[in-house]
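# A look at the structure
For reference, the chains in residue letters:
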Amino acid sequence: MSISTQQDRVIIFDTTLRDGEQSPGATLNVEEKLRIAHQLAVLGVDVIEAGFAAASPGDFEAIRTIAQQVGGSDGPIICSLARAVRADIQAAAEALQPAAHKRIHTMISTSDIHLKYQLKKSREEVLAIAQEMVAYAKTLVEDVEFSPMDASRTAREFLYQVIEVAIANGATTINIPDTVGYFTPKDMGALIQGIRENVPNIDQVILSVHTQNDLGLATANALAAIEQGVRQVECTINGIGERAGNAALEEIVMALQVRKPYFNPYFCHPVDADVSLVKIKTQEIYKTSCLVSQLTGMLVQPNKAIVGANAFAHESGIHQDGILKHRQTYEIMDAATIGLPENRIVLGKHSGRHAFRTKLQELGFELNETDFNKAFTRFKEVADKKKEMSDWDIEAIIRDETQIQIEKGFQLEHVQVTCGDCTIPSATVTIVTPYGEILTDAAVGTGPVDAVYKVINRVVQIPNQLIEFSVQSVTAGIDALGKVTIRLRHQESIFSGQASDTDIVVAAAYAYMNALNRLYRYIN
Ligand SMILES: CC(C)(COP(=O)(O)OP(=O)(O)OC[C@H]1O[C@@H](n2cnc3c(N)ncnc32)[C@H](O)[C@@H]1OP(=O)(O)O)[C@@H](O)C(=O)NCCC(=O)NCCS
Ligand SMILES: CC(C)[C@@](O)(CC(=O)O)C(=O)O
Ligand SMILES: [Mg+2]
């Protein structure tokens, strides 16, 4: 794939594997980087900055492997960062060699503060280095990106001069980094406008921005740059990156999609044209976010835009009522567009009758008005004391407050597990079936939880697929309660189960039984 300067859409340059990996504690190994790169290609990013070849043998290897396995002729451009140093550029070219489309991204600081204290070089020297190193990179690859680092704090005239020289020496993309995340959207707009008006050869290249999130303005700054004609943005999945992170890919992409009529006038399309301003398959966003979070260990905050656990969840009664009547009352985008299977209605003390009734229906309860009112009153009392009401809390309320008999289903009487580094993990359970039979069985597994699930499945015999398993600690300390949440799928339906115990394997067993019982009641 090649990118023409005439192409009127935004090029998504993903730097999750380079700047994202610069998040403290987020180091990835070669195999993990490769998995993320494959998923980024499925997501449809235009450029993958796979790493910094000169940084370490591991990063070199990762870039080379990604170039080989993800950088096919119809795949994305694979890129490596390099200082404006011959050896760095050479290492980048070598690592990228197997890719069909390769880019060297070279950078050097241009702000006076960086020149004086970090590089200890004059402006003249930096200009000469930029010129020489861009020209050198150009002898190795066709596609050269140049970044004047700390551009946002660089003296304007000098910045224009460096950019002009980089273009004259073969740069095909000029990237403007707000390295320290100091800019506001207005500053960014003005700088881009200044560059376009004062750098005579600027139209020969793609103009790009790289925004850091130190003031929480990274996405806003990138969007302001797009309004001024920037056609590449550098971003990361979940906004991970150095310090407070980078602009989040999912935020930029969804802003361009949801507000297409707003952005269209900045492109050469008719205002109401239904053209995509990016080449991203948005349905892959959620999956990519989960993969990156899982492999980097950088958890996504629940209220994170687009991909946070609460981004499509509605807690308060008035909102829940609106959503149930017509989704768009409180949603500007459909969860399905980012690949989320369903929206979540979370019951809590702010919930009203509509949401409560819907939840009861989901759980399979049909209550008469008297029972419903009693249950709702009790629900409000309990919700006042708890952060979030689980399905089990609600079942307990129904059991206490109404005449409805809740089918017991299967009952886990006893679970025993053997595990350790010198034994084959095995589990024994005793389960009472809905017909009163008492069954005991045992199984081995890859780990204790796997063994427990295998033996429970053997006894219960309801086909299902485990799609989610997570453990959280609910209290602090060594004797903490662990809460296990699981979700399983049976045909088109999903059933969840949750349980807490100081032993997480026991919690896992009870959580699984809970979900299975819900499934059992559904099919019977
Ligand atoms: C790149 C790396 C291998 C260099 O290691 P190093 O040679 O031991 O040097 P240090 O990191 O200690 O110091 C950086 C040196 O590069 C110079 N430098 C920094 N940016 C530069 C640039 N863009 N172009 C040229 N030289 C640069 C510094 O002035 C300093 O030089 P000095 O030793 O003459 O003072 C190492 O820093 C690394 O592995 N970095 C990981 C990637 C990274 O830093 N990413 C951030 C991207 S900005
Ligand atoms: C290479 C550049 C775009 C950089 O990511 C470099 C860095 O500081 O890591 C930046 O934010 O300026
Ligand atoms: Mg950066």
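See the structure shown above.
Worth saying up front: this structure is predicted, and the values here are computed from it rather than measured.

With that settled, the discussion passes to the overall build of the chain. Secondary structure assignment for the chain yields 17 helices and 16 strands. Its C-alpha atoms give the chain principal-axis dimensions of roughly 85 × 55 × 40 Å. For the chain, the proportion of its 524 residues judged to be buried stands at 52%. In the chain, 64% of the contacts between residues at least 6 apart in sequence involve partners at least 24 apart. As presented, the chain carries roughly 24,200 Å² of accessible surface, and 51% of it is formed by carbon and sulfur atoms.

Among the structural elements, Thr288 can be located in helix H11 (residues 285-296). Take Thr288: its relative accessible area is 0%, and that puts it in the buried class. Here Thr288 is in contact with Gln39, Leu40, Leu43 and Ile237, once residues within four sequence places are set aside.

Bringing the coordination of the magnesium ion (ligand 3) into the picture now. Working reference: metal with six octahedral donors, ideal angles 90 or 180 degrees; metal with four tetrahedral donors, ideal angle 109.5 degrees. Taken together, the protein ligands of the magnesium ion (ligand 3) are Asp19 (OD), His210 (NE2) and Gln212 (OE1), with distances of 2.0 to 2.2 Å. Of the residues examined, Asp19 reaches a relative accessible area of 3% and is grouped as buried. The class of Gln212 is buried, set by a relative accessible area of 4%.

Turning next to the site of ligand 2. Neighbouring ligand 2 are the residues Arg18, Asp19, Gln22, Leu81, His105, Met107, Met149, Asn175, Pro177, Thr179, His210 and Gln212. The side chain of Gln212 places a nitrogen or oxygen atom 3.1 Å from an oxygen atom of ligand 2. Out of a free accessible area of 320 Å², ligand 2 has 92% covered by protein chains. Residue assignment for the shell around ligand 2 shows that the elements contributing at least two residues are strand S4 (102-109) and strand S6 (173-178).

Strand pairing within a sheet occurs via backbone hydrogen bonds; the two strands may be parallel or antiparallel. Taken together, eight strands build a closed barrel; the order of strands is S1-S2-S3-S4-S5-S6-S7-S8 and the barrel is parallel. Strand-to-strand twist across the sheet, computed as the mean angle between neighbouring axes with direction ignored, equals 25 degrees. Both strand S1 (residues 11-14) and strand S2 (residues 47-52) contribute to a ladder of two bridges, which runs parallel. In the sheet register, Phe13 faces S2, and the bridge partner there is Val47. Contacting S6 and strand S7 (206-211), helix H7 (residues 185-198) crosses the sheet at an angle of about 155 degrees to S7.

Our focus in this paragraph is the site of ligand 1. In the neighbourhood of ligand 1, 14 residues make up the surrounding shell, with Arg83, Ala84, Met107, Ile108 and Gln118 lying closest. At a separation of 2.6 Å, a nitrogen atom of ligand 1 approaches a polar backbone atom of Met107. Gln118 has a polar backbone atom sitting 3.4 Å from an oxygen atom of ligand 1. Computed on the free molecule, ligand 1 has an accessible area of 970 Å², of which 50% lies beneath the protein chains in the complex. Counting only elements with at least two residues in the shell around ligand 1, the list comes to strand S3 (77-83), S4 and helix H4 (112-119). Tallied by class, residues from the shell around ligand 1 come to ten nonpolar, two polar and two charged.

Mapped onto the fold, Gln39 is located in helix H1 (residues 30-43). The class for Gln39 is buried, based on a relative accessible area of 9%. Distance in space between the C-alpha atoms of Gln39 and Ala87 is 30 Å, their sequence separation being 48 residues. What Gln39 contacts, discounting residues up to four positions off in sequence, is Glu284, Lys287, Thr288 and Leu291.

So, about the pairing of S7. Within S7, six of the six residues are buried, which leaves the element mostly enclosed by the surrounding structure. Here S7 shows two buried faces, one formed by Ile206, Ser208 and His210 and the other by Leu207, Val209 and Thr211. Sheet topology places S6 next to S7; six bridges connect them, and they run parallel. What sits directly across from Pro177, in S7, is His210.

To continue, consider the nonpolar core. The biggest cluster of nonpolar side chains holds 97 residues, and the ones touching the most others in it are Ile12, Ile174, Ile176 and Ile195. Excluding residues that lie within four positions of it along the chain, Ile12 makes contacts with Val45, Asp46, Val47, Val233, Cys235, Leu249, Val253, Val278 and Ile280.

Rules behind the numbers
Residues numbered from 1 in each chain as written. Chains lettered and ligands numbered in written order. Predicted model: local features only at pLDDT ≥ 70, side-chain atom pairs only at ≥ 80, totals over all residues. Heavy atoms only, no water. Helix = DSSP H or I, 4+ residues; strand = E, 2+ residues; numbered from the N terminus. Buried < 20%, exposed > 50% of the residue type's maximum accessible area, 1.4 Å probe, protein only. Contact = heavy atoms within 4.5 Å. Areas by Shrake-Rupley, 256 points an atom, 1.4 Å probe, with all protein chains shown as cover. Donors = N, O, S within 2.8 Å, 3.2 Å for Na, K, Ca; no water. Near = heavy atom within 4 Å. Polar contact = N/O pair within 3.5 Å; in protein donor to acceptor, adjacent residues only side chain to side chain. Pairing = 2+ DSSP bridges. Axes fitted to C-alpha atoms, helices over the stretch in contact; angles between N-to-C directions. Nonpolar A, V, L, I, M, F, W, Y, C, P; charged D, E, K, R; others polar. Core = buried A, V, L, I, M, F, W, Y, C linked by side-chain atoms within 4.5 Å.

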